[in-house]
Amino acid sequence: MQKLIIATKNKGKMKDFNQLFSKYGIEVLSLLDLEEDIPDIEETGDTFEENAAIKAEVIAKKFHLPVLADDSGLEVDALGGEPGVYSARYAGTHKDDNDNLHKVLEKMTGVKEEKRTARFVCVLALAQPEKATIYKRGECEGHIGVEPVGENGFGYDPIFIPNNYNKTMAELTSEEKNQISHRRNALIQLEEWIKEN
Ligand SMILES: O=P(O)(O)OP(=O)(O)OP(=O)(O)OC[C@H]1O[C@@H](n2cnc3c(O)ncnc32)[C@H](O)[C@@H]1O
Ligand SMILES: [Mg+2]
(Lines give C-alpha, C1' and ligand atoms only; values in the text may rest on other atoms or scores of the structure.)
(Ligands and ions follow the chains in the order given, each with its own letter.)
Protein backbone atom coordinates (compact mmCIF):
# COMPACT_ATOMS: atom_id res chain seq x y z
CA MET A 1 0.00 0.00 0.00
CA GLN A 2 1.46 3.34 -1.04
CA LYS A 3 -1.41 5.72 -0.73
CA LEU A 4 -4.34 5.75 1.64
CA ILE A 5 -7.27 8.10 1.99
CA ILE A 6 -8.19 8.81 5.59
CA ALA A 7 -11.87 9.72 5.74
CA THR A 8 -11.47 12.60 8.17
CA LYS A 9 -11.59 16.37 8.29
CA ASN A 10 -10.00 16.50 11.74
CA LYS A 11 -6.53 18.11 11.52
CA GLY A 12 -5.49 16.78 14.93
CA LYS A 13 -6.18 13.19 13.88
CA MET A 14 -4.33 13.72 10.60
CA LYS A 15 -1.26 14.93 12.43
CA ASP A 16 -1.28 11.68 14.43
CA PHE A 17 -1.81 9.57 11.29
CA ASN A 18 0.90 11.37 9.32
CA GLN A 19 3.37 10.70 12.09
CA LEU A 20 2.28 7.08 12.42
CA PHE A 21 2.29 6.20 8.69
CA SER A 22 5.39 8.19 7.70
CA LYS A 23 7.66 5.45 9.05
CA TYR A 24 6.21 3.02 6.48
CA GLY A 25 6.54 5.47 3.59
CA ILE A 26 2.77 5.42 3.09
CA GLU A 27 1.31 8.67 1.82
CA VAL A 28 -1.91 9.64 3.58
CA LEU A 29 -4.50 12.05 2.24
CA SER A 30 -7.30 13.53 4.28
CA LEU A 31 -10.63 14.72 2.89
CA LEU A 32 -9.23 18.25 3.17
CA ASP A 33 -6.43 17.33 0.71
CA LEU A 34 -8.79 16.16 -2.06
CA GLU A 35 -9.67 18.49 -4.93
CA GLU A 36 -13.34 17.85 -4.48
CA ASP A 37 -15.28 19.30 -1.56
CA ILE A 38 -16.72 16.39 0.44
CA PRO A 39 -19.77 17.34 2.50
CA ASP A 40 -19.75 16.28 6.17
CA ILE A 41 -20.86 12.68 6.59
CA GLU A 42 -23.57 12.32 9.21
CA GLU A 43 -22.49 10.10 12.08
CA THR A 44 -25.82 8.48 12.83
CA GLY A 45 -24.56 5.27 14.48
CA ASP A 46 -24.79 4.35 18.17
CA THR A 47 -21.31 2.83 18.23
CA PHE A 48 -17.81 3.86 17.16
CA GLU A 49 -17.82 0.85 14.81
CA GLU A 50 -20.96 1.95 12.97
CA ASN A 51 -19.77 5.52 12.58
CA ALA A 52 -16.30 4.53 11.38
CA ALA A 53 -17.85 2.18 8.80
CA ILE A 54 -20.25 4.85 7.53
CA LYS A 55 -17.39 7.30 6.97
CA ALA A 56 -15.05 4.75 5.33
CA GLU A 57 -17.65 3.15 3.05
CA VAL A 58 -19.12 6.40 1.72
CA ILE A 59 -15.68 7.60 0.62
CA ALA A 60 -14.51 4.18 -0.67
CA LYS A 61 -17.58 3.95 -2.93
CA LYS A 62 -17.00 7.42 -4.25
CA PHE A 63 -13.28 7.02 -5.08
CA HIS A 64 -12.96 3.22 -5.60
CA LEU A 65 -9.91 3.19 -3.34
CA PRO A 66 -9.06 1.70 0.07
CA VAL A 67 -10.19 4.11 2.75
CA LEU A 68 -9.45 4.17 6.45
CA ALA A 69 -11.82 5.98 8.82
CA ASP A 70 -11.34 6.71 12.48
CA ASP A 71 -14.21 7.16 14.89
CA SER A 72 -12.97 7.97 18.31
CA GLY A 73 -13.87 9.61 21.56
CA LEU A 74 -13.61 9.83 25.29
CA GLU A 75 -15.51 7.55 27.71
CA VAL A 76 -15.78 8.85 31.28
CA ASP A 77 -16.90 6.26 33.83
CA ALA A 78 -18.47 8.77 36.25
CA LEU A 79 -20.60 10.07 33.35
CA GLY A 80 -21.85 6.61 32.35
CA GLY A 81 -19.54 6.49 29.31
CA GLU A 82 -20.27 9.99 28.03
CA PRO A 83 -19.33 11.81 25.83
CA GLY A 84 -18.66 8.57 23.86
CA VAL A 85 -19.86 8.74 20.25
CA TYR A 86 -20.92 12.34 20.90
CA SER A 87 -17.36 13.45 21.76
CA ALA A 88 -16.95 15.83 18.80
CA ARG A 89 -20.31 17.56 19.39
CA TYR A 90 -20.76 17.16 23.18
CA ALA A 91 -21.29 20.89 23.80
CA GLY A 92 -23.12 21.46 20.50
CA THR A 93 -22.92 20.98 16.77
CA HIS A 94 -20.43 23.85 16.42
CA LYS A 95 -17.89 21.15 17.50
CA ASP A 96 -15.62 23.25 19.72
CA ASP A 97 -12.83 21.37 21.56
CA ASN A 98 -12.64 23.94 24.35
CA ASP A 99 -16.40 24.02 24.98
CA ASN A 100 -16.49 20.20 24.94
CA LEU A 101 -13.76 19.73 27.53
CA HIS A 102 -15.26 22.41 29.80
CA LYS A 103 -18.59 20.60 29.68
CA VAL A 104 -16.86 17.44 30.92
CA LEU A 105 -15.03 19.34 33.68
CA GLU A 106 -18.24 20.99 34.84
CA LYS A 107 -20.13 17.71 34.99
CA MET A 108 -17.23 16.22 36.99
CA THR A 109 -17.17 18.95 39.64
CA GLY A 110 -16.74 17.34 43.07
CA VAL A 111 -15.93 13.86 41.70
CA LYS A 112 -12.94 12.46 43.64
CA GLU A 113 -9.72 11.49 41.85
CA GLU A 114 -10.24 7.72 42.17
CA LYS A 115 -13.65 8.06 40.50
CA ARG A 116 -12.36 10.14 37.59
CA THR A 117 -11.29 7.14 35.46
CA ALA A 118 -11.72 7.43 31.70
CA ARG A 119 -10.41 6.10 28.43
CA PHE A 120 -9.88 7.25 24.89
CA VAL A 121 -11.27 4.81 22.33
CA CYS A 122 -10.40 4.63 18.64
CA VAL A 123 -12.10 2.34 16.15
CA LEU A 124 -10.55 2.13 12.70
CA ALA A 125 -12.60 0.85 9.79
CA LEU A 126 -10.79 -0.10 6.59
CA ALA A 127 -13.15 -0.21 3.62
CA GLN A 128 -11.90 -1.75 0.40
CA PRO A 129 -13.83 -1.96 -2.86
CA GLU A 130 -15.60 -5.36 -3.20
CA LYS A 131 -14.43 -6.56 0.22
CA ALA A 132 -15.91 -6.67 3.70
CA THR A 133 -14.97 -3.76 5.94
CA ILE A 134 -12.59 -4.65 8.76
CA TYR A 135 -12.49 -3.09 12.23
CA LYS A 136 -9.73 -2.61 14.78
CA ARG A 137 -10.21 -1.05 18.25
CA GLY A 138 -7.60 0.60 20.45
CA GLU A 139 -7.96 2.12 23.91
CA CYS A 140 -5.87 4.29 26.22
CA GLU A 141 -6.74 4.31 29.95
CA GLY A 142 -6.33 7.30 32.23
CA HIS A 143 -8.23 9.82 34.32
CA ILE A 144 -9.74 13.27 34.03
CA GLY A 145 -7.85 16.23 35.55
CA VAL A 146 -9.49 19.20 37.28
CA GLU A 147 -8.40 21.87 34.79
CA PRO A 148 -7.03 21.97 31.24
CA VAL A 149 -3.22 21.82 31.06
CA GLY A 150 -0.92 21.72 27.99
CA GLU A 151 -0.91 23.08 24.47
CA ASN A 152 -0.23 20.01 22.31
CA GLY A 153 -2.64 17.55 20.75
CA PHE A 154 -6.33 18.34 20.28
CA GLY A 155 -9.79 17.56 21.60
CA TYR A 156 -9.84 16.36 25.20
CA ASP A 157 -6.03 15.97 25.48
CA PRO A 158 -5.64 18.89 27.97
CA ILE A 159 -7.87 17.17 30.57
CA PHE A 160 -6.76 13.54 30.04
CA ILE A 161 -3.96 12.13 32.21
CA PRO A 162 -2.84 8.75 30.85
CA ASN A 163 -2.10 5.95 33.35
CA ASN A 164 1.53 5.95 34.56
CA TYR A 165 1.94 9.66 33.74
CA ASN A 166 1.56 12.71 35.93
CA LYS A 167 0.90 15.06 33.05
CA THR A 168 -1.86 15.45 30.51
CA MET A 169 -1.84 14.11 26.96
CA ALA A 170 -1.56 17.77 25.82
CA GLU A 171 1.79 18.08 27.66
CA LEU A 172 3.26 15.14 25.74
CA THR A 173 5.03 15.65 22.40
CA SER A 174 3.28 14.12 19.39
CA GLU A 175 5.92 11.35 19.38
CA GLU A 176 5.20 10.55 23.05
CA LYS A 177 1.43 10.63 22.54
CA ASN A 178 1.75 8.35 19.53
CA GLN A 179 3.53 5.68 21.57
CA ILE A 180 0.60 5.20 23.94
CA SER A 181 -2.51 6.55 22.25
CA HIS A 182 -5.75 4.74 21.47
CA ARG A 183 -5.10 5.56 17.79
CA ARG A 184 -1.65 3.95 17.96
CA ASN A 185 -3.08 0.88 19.69
CA ALA A 186 -5.73 0.46 16.99
CA LEU A 187 -3.10 0.93 14.27
CA ILE A 188 -0.82 -1.73 15.77
CA GLN A 189 -3.67 -4.19 15.33
CA LEU A 190 -4.37 -2.97 11.82
CA GLU A 191 -0.69 -3.51 10.97
CA GLU A 192 -0.92 -7.10 12.21
CA TRP A 193 -3.91 -7.65 9.97
CA ILE A 194 -2.19 -6.05 6.95
CA LYS A 195 0.84 -8.33 7.44
CA GLU A 196 -1.37 -11.44 7.57
CA ASN A 197 -3.48 -10.49 4.56
O1 LIG B 1 -15.33 12.60 11.88
P2 LIG B 1 -13.98 13.18 11.56
O3 LIG B 1 -13.97 14.07 10.35
O4 LIG B 1 -12.89 12.14 11.53
O5 LIG B 1 -13.52 14.17 12.77
P6 LIG B 1 -14.25 14.38 14.17
O7 LIG B 1 -13.50 15.39 14.97
O8 LIG B 1 -15.72 14.63 13.97
O9 LIG B 1 -13.98 12.99 14.83
P10 LIG B 1 -14.98 11.93 15.54
O11 LIG B 1 -16.32 12.00 14.92
O12 LIG B 1 -14.26 10.62 15.55
O13 LIG B 1 -15.02 12.51 17.02
C14 LIG B 1 -13.91 12.31 17.83
C15 LIG B 1 -13.79 13.37 18.89
O16 LIG B 1 -13.22 12.72 20.05
C17 LIG B 1 -12.17 13.45 20.59
N18 LIG B 1 -10.87 12.76 20.37
C19 LIG B 1 -10.62 11.74 19.50
N20 LIG B 1 -9.33 11.39 19.52
C21 LIG B 1 -8.73 12.22 20.38
C22 LIG B 1 -7.39 12.41 20.81
O23 LIG B 1 -6.39 11.69 20.31
N24 LIG B 1 -7.14 13.36 21.72
C25 LIG B 1 -8.13 14.13 22.20
N26 LIG B 1 -9.41 14.04 21.84
C27 LIG B 1 -9.72 13.11 20.94
C28 LIG B 1 -12.17 14.80 19.86
O29 LIG B 1 -12.99 15.69 20.57
C30 LIG B 1 -12.79 14.48 18.51
O31 LIG B 1 -13.40 15.61 17.93
MG1 LIG C 1 -16.98 13.22 13.20
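As the structure is a prediction and not an experimental result, all values here were calculated from the model.

1. Observations concerning the nonpolar core
Counting residues in each nonpolar core, the largest one holds 39 residues, and the members touching the most others are Ala7, Ala56, Val67, Leu124 and Ala125. Listed by contribution, the elements that provide at least two residues to this core are strand E1 (3–6), helix H2 (48–63), strand E3 (67–76), helix H3 (97–107), strand E4 (117–127), strand E5 (134–144) and helix H5 (182–196). Top contributing element to this core by residue count: E4, with 9 residues.

2. A word on the site of ligand 1
Among the 22 residues in the neighbourhood of ligand 1, the closest are listed as Thr8, Asn10, Ser87, Ala88 and Gly155. Every element with two or more residues in the shell around ligand 1 is listed here: E3 and H3. When residues in the shell around ligand 1 are grouped by element, the largest group, 5 residues, is from E3. Taken together, the residues that form the shell around ligand 1 break down as 5 nonpolar, 9 polar and 8 charged.

3. A few points about the UniProt feature "binding site: Mg(2+)" (unreviewed entry) in the chain
In this numbering, the UniProt entry assigns the feature "binding site: Mg(2+)" (unreviewed entry) to Glu42 and Asp71. Spanning 30 residues, the named residues form one tight spatial group whose C-alpha atoms are at most 12.1 Å apart. One can find glutamate 42 in the loop between strand E2 (27–30) and H2. On the neighbour-count criterion, glutamate 42 (10 C-beta atoms within 10 Å) is exposed. Summarising the element assignment, aspartate 71 is placed in strand E3. In contact with aspartate 71, other than residues within four places in its own chain, are Phe48, Asn51, Ala52, Lys55 and Val123.

4. Points about H2
If you check H2, its first and last C-alpha atoms are 23 Å apart, about what 16 residues at 1.5 Å a residue would give, namely 22 Å. At its buried positions, H2 is contacted by E1, E3 and E4. Once H2 ends, the next one or two residues include histidine 64, with phi positive near 50°.

5. A few points about the pairing of E1
Pairing of E1 with E2 involves 4 bridges; the strand directions are parallel. The residue of E2 that forms the bridge with leucine 4 is valine 28. Once you follow E1 into helix H1 (residues 11–22) and on to E2, the crossover reads as right-handed. In terms of strand pairing, E1 meets E3 through 2 bridges, oriented parallel. Looking at the pairing, isoleucine 6 lines up with leucine 68 of E3.

6. Observations concerning unusual backbone geometry
Geometrically, the link from glutamate 82 to proline 83 is a cis peptide bond, its omega value of -5° lying close to zero. Mapped onto the fold, proline 83 is located in the loop between E3 and H3. The phi angle at histidine 64 is positive, at roughly 50°, despite the residue not being glycine. Residue histidine 64 is classed as exposed on the basis of its C-beta count, with 10 C-beta atoms lying within 10 Å.

Reading the values: the criteria
In this numbering scheme, every chain counts its residues from 1 along its sequence in written order. Each chain takes a letter, starting from A, and each ligand takes a number, starting from 1, following the order in which they are written. For a predicted model such as this one, the threshold for reporting local features is a pLDDT of at least 70, and the threshold for listing and counting side-chain atom pairs is 80 or more; totals across whole chains, interfaces and linings nevertheless cover every residue. Think of a nonpolar core as buried Ala, Val, Leu, Ile, Met, Phe, Trp, Tyr and Cys residues, each tied to the set through C-beta atoms within 7 Å. Working definition of burial: number of other C-beta atoms within 10 Å of the residue's own, with buried at 20 or more, exposed at 12 or fewer, and partly exposed in between, all C-beta atoms being placed from the backbone. The way it works is that DSSP assigns letters per residue, a run of H or I at least four long becomes a helix, a run of E at least two long becomes a strand, and they are numbered from the N terminus. Near residues are defined by distance alone, with the backbone-placed C-beta atom required to lie within 6 Å of the molecule or strand. Gly counts as polar in this scheme, as do all residues outside two lists: the nonpolar Ala, Val, Leu, Ile, Met, Phe, Trp, Tyr, Cys and Pro, and the charged Asp, Glu, Lys and Arg. UniProt positions are given in the numbering used here, feature names are shortened, and annotations may be inferred rather than shown by experiment. By definition, residues are in contact whenever their C-beta atoms, placed on the basis of the backbone, come within 7 Å of each other. Under the convention used throughout, the expected extent of a helix is 1.5 Å for every residue step, that is, one less than its residue count. In this analysis, strands are considered paired if DSSP registers two or more bridges between them. With the strands pointing away from the viewer, any crossover whose connection runs clockwise from the first strand over the helix to the second is right-handed.

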